[in-house]
Structure formats: structure tokens, C-alpha cells
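# Topology and contacts: notes
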Amino acid sequence: MGCVSNLPLMAVLISPGTPGRFVLQAIAVTFVGIALLLLFILGRRGLRRRYFHRRDLRVFALRKDWEGILSGSVPPESWRRHSLDSEIVEEMLFEGMEAAHAAGQWEEAVRLLNVLRTSGLLSTRMHEASEYGGWRKRRALVALGRTRAPEVVPVLAGALEDEDPETRVAAVRGLGGTGLAAAATEMMDRVVGRGLSTPGLTLQNSLLHCCQGRPEILQPYLRQAQGGAREMLSRVLGELATPDMEEDILLLAADPLPEVRASAARALGVARPVAALELLGELVKDKEWFVRLRAVVALGSIEDARVIPILIESLCDENRYVRLRAAGALAHMGPRLEQIVEKVIETRDRFALHAIISEIERAGGIAHLFGAISDPNRREEATATLMQALKAGQEQMRTAARGELRPVTALKPGKAGS
Amino acid sequence: MLHRFISISNITLFVYYLASNLIYLALLIIALFASLRHRRRLASIRLERMRTSPLAPPITVLAPAHNEEKSIIESARGLLALDYPELELIIINDGSADRTLEVLREHFQLRPADVLYLPELHSAPVRGVYMSQNEPRLLVVDKEPGGNKADAVNAGLNAATKPYVCVVDADSILERDSLLRIMVPILADPRRVVAAGGIVRVLNGSRVRDGQLTEVRLPKGWLEVLQVIEYLRAFLIGREAWAAGNMLNIISGAFGIFRRDLVRAVGGYRTNAIGEDFDLVTRMHRYLLEQKMDYRISFVPDPVCWTEVPSDLRSLARQRARWHKGLLDVLWPNRDMLFRRTYGRLGSIGLPYMWIFELLAPVVELVGYTTIILAAVLGVLSREFFIQFLIYGYAFGTMISIGAVMQEEITYKRYNDWRDVIRLVLYCFFEHFPYRQMYLVWRLQGFWQYFRKDFVWRPMKRIGFHGADTGK
């Protein structure tokens, strides 16, 4: 897509009485526009260069005084007077806190947070988040999230009520950044009770971050939640479930919403409660393919010989992805491969056999398999024979598959991420 | 009678030209606001959290490759090194006559895999599917030559297993966080956003190591620098602004992400399309509008894809003629979308713009040249006004180009070297002659080839990534 400049068209007005004056004015305005643009580009470059040079010098100076800043021997007023210094110290504190959290150095994180508190940086950000609007408010909300301070939670939660959807998203991100259970509670209160409307994935990510340490706080909300909120919370639970949540997972597995059942399958794979195998055995027969897929993936993560017959059954599933994931799971069953293949052959299902052989090959287990099922002297021959049989059957399978395929129809939006 | 004809055509052309300039100015202003909004939105996003999120939707990257032996390994390594939690890379070897498959086989220890491949979307026959023994995320589909990229992408779509597919050119380089960035609008609104395009920029002149861009520099050749300006104008102004109104109908074939179920629903890429990327997005719009779905097709200006552009006139002429053929090839079959309520803003604003100011522009320009000559011959050419208008047109075109450079400066600022910026700005003054006239000829050639049904793919001369730092 290019700009239509069309130079020759500039010459089109040739008849008498053309608006020559208008064109002259247009030329003048355009040249002024060009000059302003050039001035802007060059001026901005120059200013930015100066700014970064100054910033580098200040970073160097502040780093030299860093211990003094942290201990308070360099009074906060001395650096808070200058907005650039303030900005640099805040960023250095945030980075330090993030590194301390990542390394599990909680004392250091608390020490840095105290500097934020005593220097007044934290209250400035809280003021910005409460009193300002627009991008400045959003920036403050995200910065507050980085502090992980419990006192910022009410301010961030207040912004969840904002009329502007982008501010609500920033508040959700800020709350997620704190990683605090109290922040999760605030979000879930609004999701379940007041129908908070923000993009699902952002909210899920934030909840995931905040509930990591205490996933049980999800349970009471999940019991109350309906519709989309229930789907969303169950998805989070699916990542964080623990064995003692068995009762709730059981309820989710019987939920009328397929997305919730799929999350239950995921939760079973993560938490592996006592009844996991039994429930997953039910879910692999679900009427929705993505629930069956989730159940198969969860079964694949459980190292137990009892999952093998269930997965072999899923190898004959009508859905291609379910078959492939079942085959993928079976292919990683190591020493049991030969029994698995024998059992798959017993199903007399071409799709199943094909899927399992492909996946075993992908997993690099084909040599092991043939070594086990045939005489070492005849291994090559056995391999060739089996592969030849498979290849010969492939064309028939393709034809059969074409016949079995339903016409491709679009899924309604929203299912793609399932 | 002839005088009257010249007079009418002149007035028509004057209005056309004025409208074209004003529209582009409006697009520049819209794009400026859109990119500033995007920048501010990005400030509240922590990409590193997305990078590790188990909730990020999986993506299949499809990279069709035809005779890419020089750059395929670096390209594949670059794609596999992309930051994204769950990624599958499918390289489709589209019947390469060189050693593309062999170099892949040697480097990634490929072995034939007898996987189930269902040809749901039309493509030339697949000869084999290979899996890597040292890179489990890689799958190589080797197929008969299909003669075009669409055919290869369809084969990749048949093999893809993830809910989103990202189509890239195997000879392009994606920045490491490109996938995370292009997913931003989708993650923000996965129910509505069905596709997103990223910005494509000129690789020539920059330095590349291990499939990653290490230094961004302006190319040395004049032809390539002019293309840099064109790309900035097209992406940072055109696409940004059209996407702001949900009327974006081109997602570059070099870098775009789509919901896989939707691409399949519209039948995948049209294998006989000349501009397959434009064709796909237009059919997606049509399908979604006919289904009365609430959707968005977004453009994200910061996930950068770097691509090699033609460095010689012959290759550039072929590319531009093909683009124009592609435009006609898509607009003509979709002419029923024009001014129909079902197709909303796209049918009443987006597509008419494409018809009037993109497709027909070379014809109008040609008529303009003709009337100047005629007027001069008949002695009715007002020399004074001619010069005034010439200056105005020159200045306005330059202003728009500098506006695109300014957009780049305000927002993404990839050219760090002062000399590069000064050269870029200087070239904005020199692109009107003779480059524009050559561009007119190439586009007219595109028309001519289309009407002669000359749809033969003519390859572009490439130097590969190894030569990317030479600027040649």
C-alpha cells in the first residue's frame, strides 16, 4: 500500500481560472509541515541523546550511593527533589525486589520495600493511582503491582471499578503483579459477585500468580461462580489443584459446562487425587472432544500401568487430536511398549495402530520396540514388513478418513484456545 | 471537443489527487494516535510473565521454503529460538530444486516419520514428513512444487496441530519476542481478535548472526533505502490506520498470525491466488461479516519481522508487478462486497479506497501524463500553474514520507545511527524521480500481465542472511 503521489497529476489544472492561490498556500503549508517534521525528528533525537547521557551519569552516581540510599544515610529528600533521580531509584528498587523474590531472598525484598515506603515513593504512586486518570493512572497501577506491598491492594482493587476498560486491565495486571492472596480475593469478589469484565487471559494469568501459594482460596468462589466466571476460575484451578481438592474437582468433572470439565481433567492430572484414574476414565468418554483431549493429556502424565487400557481405548477415538495425544502418551511408556503395541493390534483399528507407530517413532522408541518383538537376526526384515504393511494401509486410511471427515466448519470464536 | 475533454479530465484528476493526499494525511494522523495508544498500552504489559505462562495459547509457526539452502538453517534456528511458551515449527519444503531439504536433514538429523497427514486443504502432493531427532518441536513437510506460497502454507496447515498458526517467510527474521508481541491483542481479547499482522521491515544492510539480528543499519543501495521508506509508510501509516478502523485487509505473508480453525473454515489459502495474503484476509472478512460475527483483525506495529527486499531493478520490477496483479486478482472477484451493507465499513470505505487509490492509481497517473502532453501540444498548458502544482505534489509526498520516518522515530526508533536517519530523511526528498515513474511502469506491467493471464512466478535474486550486512 503506497502513498499515491502521482507526480503527473500535479499538472492537471491547466485551464484558466484554476485556483492557483490555493495551490500556493498549500505549497507554503506543506513546506512548513516538512520543516516542522524535520525539526521534530532532529530535535527529539538531540534531546533524547542528552537525556540518556544525563541519565547514565545519574545512574552511575546513584549506584555509588546505593548503600547510603538503602540505609537512609543519604536522606530521601536529596534524591527525591529531582524527578530523574526519583525515577531511577524507583526502577532500581523494583529490579532489586524482583531479583530478591526470584532468588527467595525475602529479607532483602522487605528491606527494599521499606525504602519505597520511607522515601515516600510508594505513597506518591498510590496517590497517582487514586487521583489521576488515563495513562498516568495505568502506569501507576502497574508500578504498584511491582511493589508487592499489601497496602497497595485496596488502591488497585478500587481501580477495578474504573469505567475505562484499559484502566481495569492495568489494575488486574497490577494485582497479579503483587502475587498476594488478598489481591486474588479482590479480583474474585468482583468476578463472581459483580461480573468484572476484563480480558479472560489477563485475569487468569493474574489469578494464577496470586493463588500459587494458596490455591484453596479459589474453592469458595468456584462453588458460587456461574457461566464464564466458573469457566475462568476452573481453568486457574486446573493449573494449581492439590490432592485435597478432590471433592471440588469431582464436582467440576460433572459440570454441565464442557470448558469446566476440561479444566477438571487438567486439575486431575496436576493434583492426582486418589480418584484421578476413575474420573479421568469417565472424562475420556466425554461427548466434547477437547474434554477427552484434556483427559488423555492428564492420563499421559500419570505413571501407572492402569492408564494403558484407557489410553488404548482413546487411540480409537473419532477425533484425530485425541488419538494423536493418546499415542504420544503411550509412546512414552518405556518398557511397556511391546505389550502396548500388541494390545493396540488387538483393537484392529488402523488409525490407532498408525498413530501409535508414528508416535513411537517420533519418541525414538521404534528400534527398542522391534528389538523386543522380533529375533535380532530378523529385526530389519520385521521392521520392513511392518512398515510396508503400514504404508500399504495408509492410502486406504486416507480414503477412509476422507469419507469420515465431516465438512470443515468454523468453530464459534472462543473455542480456539481450548 | 478535445479542449473540453482535457478540461473535464483535469478537474477529475485534480479532485482525485487532492482526495488521495487528504486521505493519506488523515491516515497519518490516525496512525500516529494509534501507535501512541499502543505504546502506552504496552507500558502496562509484562511480557516476561507471558513468556512463562501455562495459559498462553500454543502456536504453530509455518515457514514455507523454496530454494532457501543459503539461509534455511539460520532461519530455522532463529524461529526455534523465539520466545514463546509452546511452539511448533513446520518448515514446508516446496519442491526446492536446491539442497534445502538436504541441509535441513543434515543439520537437524531429520528422519522420515510416517505420520497421519490428512490433506483437508488443497495442496500439491506431500512426498514425506520428517521429524528431527535433536529438535522435537520441528517438523518438515516435503512436498511437490506447488508453484506458489499458498500451496505450501496449505500443506503446513494440514499438518499443524495448534490453535493458532503464524505464517512467516523462511527467508525472514523474526525478533526474539515477536510472537509474544503479536499475541498481545489476541491475549487481550481472544474471543474477538481472529488474526493479527506484524510489521515487516527491510533486512538489507543489517547484521545477522545465528538467525538473529544483531545490528540494524540502513542498506547502502539507493533502491533498498527507497524501499525502507515505502515499507515504513505502508506499515506505520497505512496498516496501522486501517487496522484502527478494523478495515485491515492485508496481513503480510511474511509475518501474520491467524486462528487456525478460521483459516480452515474459509478453505485455507487460495492456491491460484497471486496475492495470497491479501486474498486470505479479504475472504476472512467476508466470511466473518456474512456470519455476522463480532471480530477484529489487528495490526501490531512492534513485533518486527525483517525481510530481504530486492536489491536490483529487475527483481523489484517483478515483485511490484506481481503485487499489482495480486491486488487486481483479489479485488475483482470480491467486487460484490462494494457498498453492500453486509460488509460494513470494509465494503463502503476500505475496499473502495483500494480500488480507487491503489488499483487504479497507475491508470489515473498515466492519464495525467497524457493530458499534460496533450495540453502542451494544444498550447493550453499553464506553465506557471503546472510548476506550482508540481512543487505542491512534490512537497506533499515528501511530507508524508517524512511523517512515516517521524512515526518510526517517535515509536520504535530502530535506526540508532544518526547517519542512517539523515540518509533516510534525505531519500524522502529524492524518491519522486525517477523511482515513482518506474513504479508506475511496473504496476502497469502488472495490469498487462494479468490481462494476458501471465501468472508465472518469477523468482527474486537473493543473497541470503550471510550477505545481509553487505547492504547489497
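Residues numbered from 1 in each chain as written. Chains lettered and ligands numbered in written order. Predicted model: local features only at pLDDT ≥ 70, side-chain atom pairs only at ≥ 80, totals over all residues. Heavy atoms only, no water.

Moving on: the overall build of chain B. Of the regular secondary structure elements, chain B holds 16 helices and twelve strands. Across the 472 residues that make up chain B, the buried fraction comes to 67%. Nonlocal contacts in chain B, meaning residues at least 24 apart in sequence, comprise 81% of its contacts between residues at least 6 apart. Put simply, chain B shows about 17500 Å² of open surface, and 59% of that area lies on carbon and sulfur atoms. (Helix = DSSP H or I, 4+ residues; strand = E, 2+ residues; numbered from the N terminus. Buried < 20%, exposed > 50% of the residue type's maximum accessible area, 1.4 Å probe, protein only. Contact = heavy atoms within 4.5 Å. Areas by Shrake-Rupley, 256 points an atom, 1.4 Å probe, with all protein chains shown as cover.)

Between Phe433(B) and the following residue, Pro434(B), the backbone shows a cis peptide bond with an omega angle of 5°. Note that Pro434(B) resides in the loop between α15 (418-430) and α16 (435-451). Backbone geometry at Arg148(A) places phi at a positive 60°, although glycine is not the residue there. Within the secondary structure layout, Arg148(A) lies in the loop between α7 (134-147) and α8 (153-159). Of the residues examined, Arg148(A) reaches a relative accessible area of 25% and is grouped as partly exposed.

Attention now goes to α15(B). Residues and elements named next belong to chain B. Given a rise of 1.5 Å per residue, 13 residues ought to cover 18 Å, and the 19 Å separating the end C-alpha atoms of α15 matches this to within 8%. Buried residues of α15: Asp-420, Val-421, Leu-424, Val-425, Tyr-427 and Cys-428, and no others. Projection of α15 onto a plane perpendicular to its axis shows the buried side chains occupying an angular sector of 160°, all on one side. α15 presents Arg-419 and Phe-430 as exposed residues on the side facing more than 90 degrees away from its buried surface. (Expected span 1.5 Å × (residues − 1). Arc of directions from axis to C-beta.)

Before going further, it helps to spend a moment on the sheet that holds strand β11 (residues 255-259) of chain B. Sheets are built from strands paired through backbone hydrogen bonds, the pairs being either parallel or antiparallel. Residue and element names in this part refer to chain B. Reading across from one edge, β3-β4-β5-β2-β1-β6-β11-β8-β12-β7 is the order of the ten strands in this open sheet, with mixed pairing throughout. For this open sheet the edge positions go to β3 (110-112) and β7 (173-174), each flanked by a neighbour on one side alone. Relative to strand β5 (residues 138-143), strand β2 (residues 87-94) runs parallel, the two sharing six bridges. Its bridge partner lying in β5, Leu-89 is registered against Leu-138. Sitting on the sheet, helix α4 (residues 100-108) is in contact with β1 (59-65), β2, β3, β4 (126-132) and β5, with an inclination near 155° to β5. (Pairing = 2+ DSSP bridges. Axes fitted to C-alpha atoms, helices over the stretch in contact; angles between N-to-C directions.)

Our focus in this paragraph is helix α18 (residues 307-315) of chain A. Taking burial as the measure, the nine residues of α18(A) include seven buried ones, the bulk of the element. Along α18(A), the residues that are buried comprise Val307(A), Ile308(A), Ile310(A), Leu311(A), Ile312(A), Ser314(A) and Leu315(A).

A full pass over the atoms with the stated rule returns 17 aromatic pairs over all chains. Pairing Tyr435(B) with Trp442(B) gives two aromatic rings, centres 6.0 Å apart and planes at 80°, and the pair type is edge-to-face. You'll find Tyr435(B) and Trp442(B) in the same group, each marked buried. Three or more aromatic residues joined by ring pairs form one cluster here, namely Tyr16(B), Trp242(B), Tyr353(B) and Phe357(B). Lying over the aromatic face of Tyr132(A), Arg136(A) brings its terminal NZ or CZ to 4.2 Å of the ring centre. Directly above the ring of Tyr439(B) sits Arg443(B), whose terminal nitrogen or CZ lies 4.4 Å from the centroid. (Phe/Tyr/Trp six-rings, centres within 6.5 Å; stacked < 30°, edge-to-face > 60°. Lys NZ or Arg CZ within 6 Å of the ring centre and 35° of its normal.)

This next bit is on the confidence of the model for chain A. Residue and element names in this part refer to chain A. Residue-level pLDDT values for chain A average 82, and 80% of them are 70 or greater. Highest mean pLDDT in chain A belongs to α8 (96); lowest belongs to helix α23 (residues 379-404) (52). Residue range residues 1-17 is modelled with pLDDT below 50. Its contacts to residues more than four positions away, or to other chains, number 71 contacts. (pLDDT = per-residue confidence, 0-100.)

Right, let's get into the packing of helix α8 (residues 222-244) of chain B against helix α14 (residues 383-411) of chain B. Residue and element names in this part refer to chain B. Where α8 contacts α14, the axes come no closer than 9 Å and their chain directions differ by 70°. It follows that α8 is roughly perpendicular to α14 by the angle criterion. Each of Ile-229, Leu-232, Arg-233, Leu-236 and Ile-237 in α8 lies in contact with α14, whose residues at this interface are Ile-400, Ser-401, Ala-404, Val-405, Gln-407 and Glu-408. Of the residues assigned to the contact of α8 with α14, the class counts are seven nonpolar, two polar and two charged. (Parallel < 35°, antiparallel > 145°, perpendicular 65-115°, else oblique. Nonpolar A, V, L, I, M, F, W, Y, C, P; charged D, E, K, R; others polar.)

On inspection of all chains with the given rule, the structure shows 58 salt bridges over all chains. Overlapping salt bridges, with partners in common, bring together Arg207(B), Glu215(B), Arg217(B), Asp417(B), Arg419(B) and Asp420(B) in one network. (Salt bridge = Lys/Arg side-chain N within 4 Å of Asp/Glu carboxyl O.)

Moving on to the nonpolar core. In this structure, Ile91(B), Met183(B) and Phe258(B) are the most contacted members of the largest nonpolar core, which totals 283 residues. Among the elements that take part in this core, α8(B) stands out by supplying 14 residues, more than any other. When we break this core down by domain, the ones giving at least three residues each are domain 1 (44-119) and domain 2 (308-400) of chain A. (Core = buried A, V, L, I, M, F, W, Y, C linked by side-chain atoms within 4.5 Å. Domains from an automatic or database assignment.)

This part takes up the pairing of β5(B). Residues and elements named next belong to chain B. Burial runs high along β5: six of the six residues are buried. Of the two faces of β5, the one carrying Leu-138, Val-140 and Asp-142 and the one carrying Leu-139, Val-141 and Lys-143 are both buried. Alignment of β4 against β5, held across five bridges, turns out to be antiparallel. From the neighbouring strand, Tyr-130 faces β5, where its bridge partner is Val-140. Linkage of β4 to β5, two consecutive antiparallel strands, is achieved through a turn of five residues.

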